[in-house]
Structure formats: C-alpha cells, structure tokens
Amino acid sequence: MTSTINKTSTDEAELEQRALWRRQVTTLPGLRGGKRAWFALVVELVEQIGTSEAPIAMDAHPDIPSAIFDLSASTGGAAPNKDASTWNEYSKFLKAIGLVATPKAQLVLTPTGQAFRSQPTRTGLGLSLAQHFRLLVESLAFFATEPATVDQLATHLETRYSTTWRTLGGVRDRTDWLDALSLIEAIGGRKWRITADGKSLLAQSTLVSPKATTTQEKDARPIFEAPKEIQTLLQELSTGVRTHESRSTYNIWVPSPATNPNKVENLRTIVNAAIDPIGRQELLDFIADRFGLRRSSVYSMMPFLRASGLLHEIGNGIYEATTPAKAWVSSNDDVNFIRILHANMRFVGEMIQFIGAGTTRAEMYAESAKYGLNTDKSRWIASFLEDTGLAETPRYGSLRATASGAALVAELPVDAHPQVVTQDTPPEDASTPTTLQTRPLFTEELLTLSHTPLALNLGSGKAFENAICDAFRAVGFRASTISGAGDTDIVVRWRDAAGSETVAIVEAKSRSNGHVAHTDISDVALETHKTRNQASFIAVVGPAFSGETIRNMASKRGWALIDAQRLGTVIEAAKELGLSPATTALLFKVPNGLDELDDEIRMRRRKLSVISFVLSKFVEEATDAGEAISARDISRDGRSGALQPTIDEVIEALSTITRSATAAIRVVEEHKDQKFSTYALANAWSAARQLRALADAIEASLPSTRP
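This one's a predicted model, so the numbers in the text were calculated from it and none came from an experiment. (Residues numbered from 1 in each chain as written. Predicted model: local features only at pLDDT ≥ 70, side-chain atom pairs only at ≥ 80, totals over all residues. Heavy atoms only, no water.)

Right, let's talk about the sheet that holds strand 19 (residues 678-681) for a bit. Across the sheet, which stays open at both edges, the 3 strands sit in the order 17-19-18 with antiparallel pairing between neighbours. Of all strands in the sheet, those with a lone pairing partner are strand 17 (629-630) and strand 18 (665-669), marking the two edges. Both strand 18 and strand 19 contribute to a ladder of 4 bridges, which runs antiparallel. Paired with valine 667 across the bridge in strand 19 is tyrosine 679. (Pairing = 2+ DSSP bridges. Helix = DSSP H or I, 4+ residues; strand = E, 2+ residues; numbered from the N terminus.)

The next thing to look at is helix 13 (residues 280-291). Each α-helix turn comprises 3.6 residues. Residues three or four places apart therefore point the same way. Its 12 residues give helix 13 an end-to-end C-alpha distance of 17 Å, which sits within 8% of 16 Å, the value for a rise of 1.5 Å per residue. With 10 of 12 residues buried, helix 13 lies mostly within the body of the structure. Among the residues of helix 13, those classed as buried are Arg280, Glu282, Leu283, Leu284, Asp285, Phe286, Ile287, Ala288, Arg290 and Phe291. After helix 13 finishes, the residue glycine 292 shows a positive phi value of roughly 65°. (Expected span 1.5 Å × (residues − 1). Buried < 20%, exposed > 50% of the residue type's maximum accessible area, 1.4 Å probe, protein only.)

We now examine the pattern of salt bridges. Going through the model one piece at a time under the given rule, you end up with 36 salt bridges. Arginine 605 is the partner of glutamate 576 in a salt bridge, and the nearest nitrogen-oxygen pair spans 3.0 Å. Here the residue glutamate 576 occupies a position in helix 25 (residues 564-577), and arginine 605 occupies one in helix 27 (residues 593-623), the gap between them amounting to 29 residues. Each member of the pair, glutamate 576 as well as arginine 605, carries the same accessibility label: buried. Between arginine 604 and glutamate 600 there is a salt bridge; the shortest N-O distance is 2.8 Å. Of this pair, arginine 604 and glutamate 600 both sit in helix 27, separated by 4 residues, roughly a single helical turn. For arginine 604, a relative accessible area of 26% corresponds to the partly exposed category. Each of Lys35, Arg36, Asp176 and Asp179 takes part in a single network of salt bridges with overlapping partners. (Salt bridge = Lys/Arg side-chain N within 4 Å of Asp/Glu carboxyl O.)

For lysine 509, the position within the fold is in the loop between strand 14 (501-508) and helix 23 (523-532). This buried residue, lysine 509, is left without a salt bridge; glutamate 507 holds the nearest opposite charge, at 4.1 Å. Here the side chain of lysine 509 touches aspartate 520 through a polar contact of 3.3 Å, landing on its backbone oxygen. Those residues in contact with lysine 509, other than ones at most four positions away along the chain, are Ser450, Phe464, Val516, Asp520, Ile521, Val540, Val541, Gly542 and Pro543. (Lys, Arg positive; Asp, Glu negative; His and termini not counted. Polar contact = N/O pair within 3.5 Å; in protein donor to acceptor, adjacent residues only side chain to side chain. Contact = heavy atoms within 4.5 Å.)

Here we come to the sheet that holds strand 5 (residues 191-194). One open sheet holds the 3 strands; their spatial order is 3-5-4, and the pairing between them is antiparallel. Two strands close off the open sheet at either side, each with one partner strand: strand 3 (148-149) and strand 4 (184-188). Alignment of strand 3 against strand 5, held across 2 bridges, turns out to be antiparallel. From the neighbouring strand, alanine 148 faces strand 5, where its bridge partner is tryptophan 192.

Let's shift gears to the packing of aromatic side chains. What the rule picks out here adds up to 16 aromatic pairs. Through a chain of ring-to-ring contacts, the aromatic side chains of Phe304, Trp328, Phe337, Trp380 and Phe384 assemble into a single cluster. (Phe/Tyr/Trp six-rings, centres within 6.5 Å; stacked < 30°, edge-to-face > 60°.)

Pairing analysis gives 4 bridges linking strand 4 to strand 5, with the strands arranged antiparallel. Within strand 5, the position partnered with isoleucine 184 by the bridge is isoleucine 194. Counting the residues between successive antiparallel strands, the hairpin from strand 4 to strand 5 contains 2 residues, one of them, glycine 189, with a positive phi of roughly 65°.

Okay, the pairing of strand 13 (residues 490-495) next. Bridge count between strand 12 (residues 478-481) and strand 13: 4 bridges; the pairing is antiparallel. Among the inter-strand pairings, arginine 478 is bridged to a residue of strand 13, identified as arginine 493. By the bridge criterion, 6 bridges tie strand 13 to strand 14 in an arrangement that is antiparallel. Residue pairing across strands places isoleucine 490 opposite valine 506, the latter belonging to strand 14. Where strand 13 folds back on strand 14, the antiparallel hairpin that results is connected by 5 residues, among which glycine 499 adopts a positive phi of roughly 90°.

To continue, consider the side chain of threonine 149. Tracing the chain through its elements places threonine 149 in strand 3. Under the relative-accessibility criterion, threonine 149 is labelled buried at 9%.

Now for unusual backbone geometry. Residue proline 591 is bonded to the preceding valine 590 through a cis peptide linkage, with omega at 15°. A positive phi angle, close to 60°, is found at serine 182, a residue other than glycine. Checked against the element boundaries, serine 182 lands in the loop between helix 9 (169-180) and strand 4. We note that phenylalanine 347 has phi near 60°; this positive angle belongs to a residue other than glycine. Tracing the backbone shows phenylalanine 347 in the loop between helix 16 (335-344) and helix 17 (349-355).

Attention shifts here to the environment of glutamate 14. In this structure, glutamate 14 sits in helix 1 (residues 2-23). Taking the C-alpha atoms as reference, glutamate 14 lies 8.0 Å from lysine 211; in sequence the two are 197 residues apart. Among all residues touching glutamate 14, those that are not within four sequence positions of it are Lys211 and Ala212.

Let's shift gears to the packing of helix 21 (residues 442-450) against helix 22 (residues 462-474). Packing of helix 21 against helix 22 brings their axes to within 9 Å, and their N-to-C directions diverge by 160°. Classified by the angle between their axes, helix 21 and helix 22 sit roughly antiparallel to one another. Between helix 21 and helix 22 lies a crossing whose hand is left-handed. Where helix 21 abuts helix 22, its residues Phe442, Glu445, Leu446, Leu449 and Ser450 lie against Ala463, Phe464, Ala467, Ile468, Asp470, Ala471 and Ala474. Each residue belonging to the contact of helix 21 with helix 22 can be placed in one class, and the counts come to 9 nonpolar, 1 polar and 2 charged. (Axes fitted to C-alpha atoms, helices over the stretch in contact; angles between N-to-C directions. Parallel < 35°, antiparallel > 145°, perpendicular 65-115°, else oblique. Left-handed = near helix turned anticlockwise from the far one by under 90°. Nonpolar A, V, L, I, M, F, W, Y, C, P; charged D, E, K, R; others polar.)

Taken together, the side chains of Leu691, Leu694 and Ile698 present a nonpolar region at the surface, about 270 Å² in accessible area. By the secondary structure assignment, leucine 694 is in helix 30 (residues 684-700). (Patch = residues over 30% accessible without salt bridge, like charges linked within 9 Å, V, L, I, M, F, W, Y side chains within 5 Å. Areas by Shrake-Rupley, 256 points an atom, 1.4 Å probe, with all protein chains shown as cover.)

What follows deals with the confidence of the model for the chain. On average, residues of the chain score 83 in pLDDT, and 88% of them reach the 70 mark or higher. This model gives residues 1-5 a pLDDT under 50, and the stretch forms 0 contacts once residues within four places in sequence are excluded. Note that residues 421-440 has pLDDT below 50 and, in this model, 48 contacts with residues that lie over four places away or in other chains. (pLDDT = per-residue confidence, 0-100.)

Taken N-terminus to C-terminus, the directions of helix 12 (residues 263-273) and helix 15 (residues 323-331) make an angle of 115°; their axes are 10 Å apart at the nearest point. Every pair of crossing elements has a handedness; the one defined by helix 12 and helix 15 is left-handed. For the pair helix 12 and helix 15, the contacting residues are Val264, Leu267, Arg268, Val271 and Asn272 in the first and Ala325, Trp328 and Val329 in the second. Partitioned by chemical class, the residues of the contact of helix 12 with helix 15 number 6 nonpolar, 1 polar and 1 charged.

Time to look at the environment of threonine 123. Within the fold, threonine 123 resides in helix 6 (residues 122-132). Along the backbone, threonine 123 and serine 200 are 77 residues apart, and their C-alpha atoms lie at a distance of 7.9 Å. When near neighbours in sequence (up to four residues on either side) are disregarded, threonine 123 contacts Asp197, Leu201 and Gln204.

Put into structure tokens, the structure is as follows:
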C-alpha cells in the first residue's frame, strides 16, 4: 500500500511540475537600468500604478527618481541607462511576471501585485519570477549544492534540461536576476554560492525535474476531460450543427525562435496576453517585442489567431482571447489547444488518426491534400502535435501517434469522407472597414505557387509568374509576363506622382525546397534585363531567401528581395485600402521601402479606424441624450480606449466626413477653433450608400477586366 501511495504522489508531483513548466516562459522582456536597480525600479513602478487615480497613458514615461538608476553605479554593477522607458515597455515585464494586468487597456495591479506592493521583498519578487521564468529556481538549486561558475551552470542545464543556447546569454539572464535579488553572492574565482535568502526562496518553490520537461512517453498519460467551453465546440461537429467543411484551411504561422522553439508554448504566451481585452496595437507590439519579430510578420499572423479560434475582436481594434482559449490557458493542459484547433481547422485529429502506428511524412502530406491542405500547413499541424506529445518522429522522415495521441483521437469527431476545400477566406479583421466585394487571397495563391514550380502543368515557375503578374494588375499596375531565355520574367509599369512612367522588372523564383539562395540568381543577367527594359527597379520574388550572401548582394546592388507571403499581404492591403500604384511601388525601394509601405498602410488603417470611432460616438450620443458634441469631447472619450485618437486626428476625421460624406453628420454650431465646433448625427446610412453608388458608377465605366 505504501509503494502505491508513493507512486501516486510521485505522479501527481510530476504532473504539477509539467503544468508549471508549460506555464513558464524561457525569456522575459528586458528591464533597463542595470541589475542593481531592478528591484528598486520594480517597487517604484508597482507603487506608482497602485497609487494612480487616473488612467496611465501607456506611451508616457514614468517619473523615476534618479537615485534608483544610480544604484548600479554606486555598487559597481553594469553602467545603468538612466532614461526611463515608457509605461508600455515596463508593462510587458510586469505583466510577464504576473504583477499587473491591462483590463480595458489600463494598467492595474493583480492580487499578486497588490501583495507585493504591501510587502515589497526581494524574495517576493523572486517567487513571482520563479513562477513565470523557466530554469531560474533550477539554477538556484545548482548553486545550493556547491559554489560554481556561470560556465558550470551552463553545462549543468544543457546536460540535465537539453538547453540549446548557443551563447551564455540565457544563463547570464538567470544569474543576473539571482544576483540582483541577493539570492546568490560572488565568492571570488568567478564562482557564486547561494545565500540565506536564496535558501528561503528555494524552500518555497517547486523544482521542475528534467523528466517533467520531456514529451516522449511509453504509455498514454491521462487525457483529462475537456472544459465545457471546448466540449461545446466539439459537440457542434459531432451533432452536425457545424460541418467539417466549415473548418478552416487558412495559413498557419507562429513564432518559434531558437531560444524558445515550442510553438504551442509561444501561442499560450500570446493568448495569455489577451486574457483581458487588449488594443490591437499593444498586442502586435507585445508579440513583436517578445519574439523579436518585425511588425509585418506579426500582422500576417493575426488571421491565423482568429481562424484557429484563439482570438476574436470584441470592439473596434480591441481583441480578447476566446472563451475556449481562456479555458485552455486556465486548464494548463495543451491537449485542449489541440481540441480547439481540431474544432476550427481541418486535418488535425484526422492527422493523428492517419499516422497511427507510423507512416512517412510524404504519405501524410498526400493525405492532407484531400482536406485542402498543402505541405506547409501540414508541417505546422504536425509540429503542434509533436510539441504537445501527441505525435513523435520514430525515425527521420516519418511520424506516428503516441499513446496519448491515440487516446485523444478516439474522443474527437473526425471527418472520414473529406470534401476538398481549395481555398479559405481569412477571418475579417474588423479593426478596418471592409468592402462589399470578396477580397481575393493573393497571399494563399502566391505562397502555394512559390513552392510548386510545375503547378497547373505549365512550364517551370510559369504559374508563379502569372500569379505575380495578376497580383500587380489587381492594384492598378500595368504588368506583363515576358519569360524566355535572355529576358526578365515580369515587367511592371506605373506612373509616379509627377505623371512619369516608371518601370520595374521582377524575377520570379519558385522553389520546392522553399528557399532562394544566391546561387539561384545571376547578377549579370539581372542587370542586363534591367538595361534592356529601361527599368529603374529590380525585385526578386520567392518563397523565402536563405543566407546572408544573397541579402548582401541585393543590398549592394539595390534589388528588393520580397517573399511571396509578404507580397500577397501587401497586395491585399493595397486593394483593400485603395492605395495608388505609386504608393504600393514603395515595395521596390531599397533599403527601407517595405517598412515605409507598412507605415503607410498602418496610417491609412488608423485614419479609417478613427473615422469609425468618431461616427460611433455620434451614434452613441444620438441614442442617449441626443446632444451635439465637439471634437474635444470625442477625443476626451477616446482616451480610455485602445485607439486613443488625438484631437488633431478627430478634427481630420470630421473634415473627411463633412467633405466626402456630407449627409452623415451636420454642423450644429461652428467655432473659429475647430476643437469646439459641435456636430450631430444626420443620415449616415444615406451617406454610406451614396459613396457606394459613386464607387459603382466609377467602376462601371472601367474596362470589364478590372483589377
């Protein structure tokens, strides 16, 4: 009996450790100021949040006493940066360790943060870090055995926990925090030992064993019952309320940096950031900063987060985790993520069922095509299953379900007779206005054809060239395919702001391996093609570009390297927003053209969002008191939301409405200072229909082969 009890308690301890490991992150957001100042800085920030009676402006800089930043210099630490960051930057760290939350885009202390504020101790901050930061306590435990160096700690963590850090940066992050909180102390010879405070924190913490971090298993681990919110999703499929064909086949993309490659863990981090409503801008910034991404990459990820059922938009530019996604995070069980994914996307449970006792990846990819998936999407789903321990790779090029995977698929409603869906419409991003026309998915087509040189039984790369040509034509360029030996693939023409014709040549590189290398491009040929076509710009479009050699060559010669997915998202945005060819042509500019174009797209979307916000305020006022309101009133109301429009933005939106949609609002009282002019809702529906009728009349006069 005693051995049974011991085994049960051991299993429970391992499950607890596994759950803790999944909740923790590998890398915390940085905290500027020098490690000797960190504790005092966190105390000061928490105190300011706790005592603030008015909402904190996230782009403002807190007033940090200079004495706090002087701590590093006075104690011999790293040279401190005395410039305070914005509240937005500090909030990323404070949220990551559970001290603050941002309901309604406002900083508030969590219960943990309130407890820390009432008793701000180094041990208390250490416990918060330990709950959210991997291998911090485990590093502290190593120093408890005997004094050791940072190099010895790195070897220990690599041996026991299979860390794959290429540098000592990850280990130093942990020792810096342990040192900053006085949990370890230097004893000379580059060695550190645990302190009395360190021993106290260690006694209060849960150590995660290496066994609890592995996903390999011989026997099925328990498959716990799904939360009711997720059960409801699955019941809709099993009872026929929703068809299997309604599930998405949209593109999948999730951050997976080398320092933290577990994609499901990274998704949980993103969902956790949106447990409370969060502004779109703040969410995009959080993802970009946490995983070191470009904003354009994060933007391309947003449709997947919606299509997979993890996020939804609850207001104009305000996002929140869905109820099932919240249930997943609360359960600490990543099997629930797979359940959500299966309910919303095709060939998830079906993949587990198909690979069964083992099959080759090539066979699995062929099966996925029956469900409307390409190889790339199948790889993503397979990686999710491996990250959650539901599938494994017994040998190179093969895949099989684990015992847990087999147990899970037995409960899932799977599609036994798939009807192929060739293309998905991405979930609408309601933060920007949409047109009545269905938006073509250039991204999907370009990405697929960039990996399929012989698609549609045409010559090598020809289908990809045609798709690129069609994409440029769709947004007003004059484009034609040339191909053939001795010339370029595509010539693109447009008129610049001054009315002069401008020409660019585009080389299309479709590669089944998914990468274009410098050996695939002849610089002599490209320059010859440029001269022959009297072009001003050169662009190379492919699935992706590998190696620094091709990037350096392109930078030196002024070529734009554009991956297929990026081109697709730019074309879709240009069509949606009505960007002129002269503006869209920024993508040919080297080195910063794509970034400038991203800024232009963001600015256009924000202007439209401000217009929607302004009209919504008139609607609210007409419903409530029916009084006239001014730009100043609207701007003041906007301070509490995620959009936070400035008074100038509101005035510009009002000017646009009164100039372009004259029937939407009426001027009640005009003032020489536009801030104080008052307006009221008139006939906004009529104004919208008039603009739509005008657009139809313009399009009716254009050629039938309109873009």
